[in-house]
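# Structural overview
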Amino acid sequence: MPVKREGDKVATVVVERVETPRGELVLRRRGDDFEIISNGTFLMDTRDGTSERLLVRAAVDAVGRPDLRVLIGGLGVGFSLGEAAAHPSVGHVTVVEREAPVIAWQHGPLGRFSRHALDAPHVQVRHEDLLDWVFATAGPADDPLATYDALCLDIDNGPDWTVTESNRSLYGREGLTALRGRLAPGGVLAVWSAAASREFEERLAGVFGDVRVEEVPVRVPRGVPDVVFLAR
Ligand SMILES: C[S@@+](CC[C@H](N)C(=O)[O-])C[C@H]1O[C@@H](n2cnc3c(N)ncnc32)[C@H](O)[C@@H]1O
């Protein structure tokens, strides 16, 4: 059903509204752009993927080797996935997404925002809760996908603003230690956030030692920069 706000020149249209085990997920379109709303809270839109792409590029460039295995946590509209799939140093991408409709939308109206990366032979999608994968016992040492060279995580609005309560444990000491265990030697963890977090930065440094923070200005007037935490 079209939703029109006063003063809007372009109508916002609900493309699909789906009930999931975690509540309502809505895909809306406004002109050429789309946005995903989770239980009434903004999750992601297609207007500007600068920091979501940087999340991947900064991690991959920091590893600095060819033929990398990259894991993307959270598909969203597909900007991070598209960046990983197209990067010349990346040999394999696994994208982990908890919501089936988000995967289905990538095969439909959102596919162009990843340049249809889910169709590429070196890309695998796992319909799974990322935390289940992180906290599961890693597969046999000879399983090439037991560990990754870059773990690029963007499943929340940031470590201090998670979309579900269950996601919080990923950013605690136990979660970060489990993530470290899923990195190949010399690998890099990258975490996206809508705001800086001194507390999280210190926790990261406690687990990883080497931490770098990149800030990306946002287009919203007076908005605080997006942040990418890089740890190894
Ligand atoms: C902010 S969006 C990701 C944006 C993405 N970087 C992009 O470029 O479009 C967050 C995504 O993470 C997913 N997500 C949230 N919690 C998750 C979890 N625990 N496991 C897997 N996916 C999760 C959401 O369904 C959503 O698709």
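Everything discussed here concerns the structure shown above.
The following paragraphs examine the structure supplied in this document. (Residues numbered from 1 in each chain as written. Predicted model: local features only at pLDDT ≥ 70, side-chain atom pairs only at ≥ 80, totals over all residues. Heavy atoms only, no water.)

## Digging into the overall build of the protein chain
Regarding its fold elements, the protein chain presents six helices and 12 strands. Expected size for 232 residues packed as a compact globule is a radius of gyration near 17 Å; at 17 Å, the protein chain falls within 12% of this value. C-alpha extents for the protein chain along the principal axes are approximately 55 × 40 × 35 Å. Scored against the burial criterion, the 232 residues of the protein chain give a buried share of 50%. Contacts in the protein chain between residues far apart in sequence, at least 24 positions, make up 62% of those at least 6 positions apart. Working note: accessible area of the protein chain is about 11100 Å², and carbon and sulfur atoms make up 51% of it. Between the averaged position of the 27 positive side-chain charges in the protein chain and that of its 35 negative side-chain charges there is a distance of 4 Å. (Helix = DSSP H or I, 4+ residues; strand = E, 2+ residues; numbered from the N terminus. Rg over C-alpha atoms; globule rule 2.2 N^0.38 Å. Buried < 20%, exposed > 50% of the residue type's maximum accessible area, 1.4 Å probe, protein only. Contact = heavy atoms within 4.5 Å. Areas by Shrake-Rupley, 256 points an atom, 1.4 Å probe, with all protein chains shown as cover. Lys, Arg positive; Asp, Glu negative; His and termini not counted. Charge placed at Lys NZ, Arg CZ, Asp CG, Glu CD.)

## A closer look at helix α6 (residues 198-208)
Restricting attention to buried positions, one finds in α6 the residues Phe-200, Leu-204, Val-207 and Phe-208. Each buried residue of α6 sits inside an arc of 80° when the element is viewed along its axis, so together they form one side. α6 presents Arg-198 and Glu-199 as exposed residues on the side facing more than 90 degrees away from its buried surface. At its buried positions, α6 is contacted by α5 (173-181), β10 (183-193), β11 (211-216) and β12 (226-231). Within two residues after α6, Gly-209 carries a phi angle of roughly 90°, on the positive side. (Arc of directions from axis to C-beta.)

## Some details on the site of the ligand
Taken together, 23 residues surround the ligand, and among them Val-77, Ser-80, Glu-97, Leu-130 and Asp-154 come closest. Asp-129 has a polar side-chain atom sitting 2.9 Å from a nitrogen atom of the ligand. Calculation on the ligand without its partners gives an accessible area of 610 Å², and the protein chains cover 99% of this total. Breaking the shell around the ligand down by element, the ones donating at least two residues are β5 (41-45), α2 (79-86), β7 (90-97) and α4 (130-135). A class-by-class count of the residues in the shell around the ligand yields 11 nonpolar, five polar and seven charged. (Near = heavy atom within 4 Å. Polar contact = N/O pair within 3.5 Å; in protein donor to acceptor, adjacent residues only side chain to side chain. Nonpolar A, V, L, I, M, F, W, Y, C, P; charged D, E, K, R; others polar.)

## Notes on the pattern of salt bridges
For the structure on display, the rule yields 15 salt bridges. Between Glu-99 and Arg-22 there is a salt bridge, with the nearest N and O atoms lying 2.7 Å from each other. Pair noted here: Glu-99 is in the loop between β7 and α3 (100-106) and Arg-22 is in the loop between β2 (12-20) and β3 (23-30), with a separation of 77 residues, a long-range link. Classification of Glu-99 as buried rests on a relative accessible area of 9%. (Salt bridge = Lys/Arg side-chain N within 4 Å of Asp/Glu carboxyl O.)

## Thoughts on the sheet that holds strand β9 (residues 148-153)
An order of β8-β7-β6-β9-β10-β12-β11 is seen for the seven strands of this open sheet, with the pairing classed as mixed. The open sheet is flanked by β8 (123-127) and β11, the only strands paired with a single partner. The mean angle between the axes of side-by-side strands here comes to 15°, regardless of whether they run parallel or antiparallel. Summarising the sheet, β10 and β12 pair through five bridges and their orientation is antiparallel. The partner of Leu-189 across the bridge, within β12, is Ala-231. Set on the sheet, α2 makes contact with β6 (68-73), β7 and β8; between it and β7 the angle comes to about 160°. Each of β9 and β10 touches α5; the most contacted strand, β10, lies at about 135° to it. (Pairing = 2+ DSSP bridges. Axes fitted to C-alpha atoms, helices over the stretch in contact; angles between N-to-C directions.)

## Considerations on the side chain of Thr-12
Examined against the element boundaries, Thr-12 turns out to sit in strand β2. Note on Thr-12: relative accessible area 3%, which makes it buried. Within polar-contact distance, the side chain of Thr-12 engages the side chain of Arg-30 at 3.4 Å.

## Points about the layout of surface pockets
Volume-wise, the largest pocket comes out at about 1000 Å³. Around the largest pocket sit 50 residues that line it, and Phe-42, Leu-43, Met-44, Glu-52 and Asn-157 are the ones nearest its centre. Among the elements of the structure, β3, β4 (33-38), β5, α1 (50-63), α2 and β7 are those that each provide at least two residues to the lining of the largest pocket. Among the elements that take part in the lining of the largest pocket, β5 stands out by supplying five residues, more than any other. Both domain 1 (2-45) and domain 2 (50-231) contribute no fewer than three residues apiece to the lining of the largest pocket. (1 Å grid on protein atoms, 1.4 Å probe; cavity = no way out; pocket = protein on both sides within 12 Å on 5 of 7 lines; lining within 4 Å. Points joined across faces, edges and corners; volume = space filled by probe spheres on them. Domains from an automatic or database assignment.)

As far as function goes, none of this settles anything; it's purely spatial.
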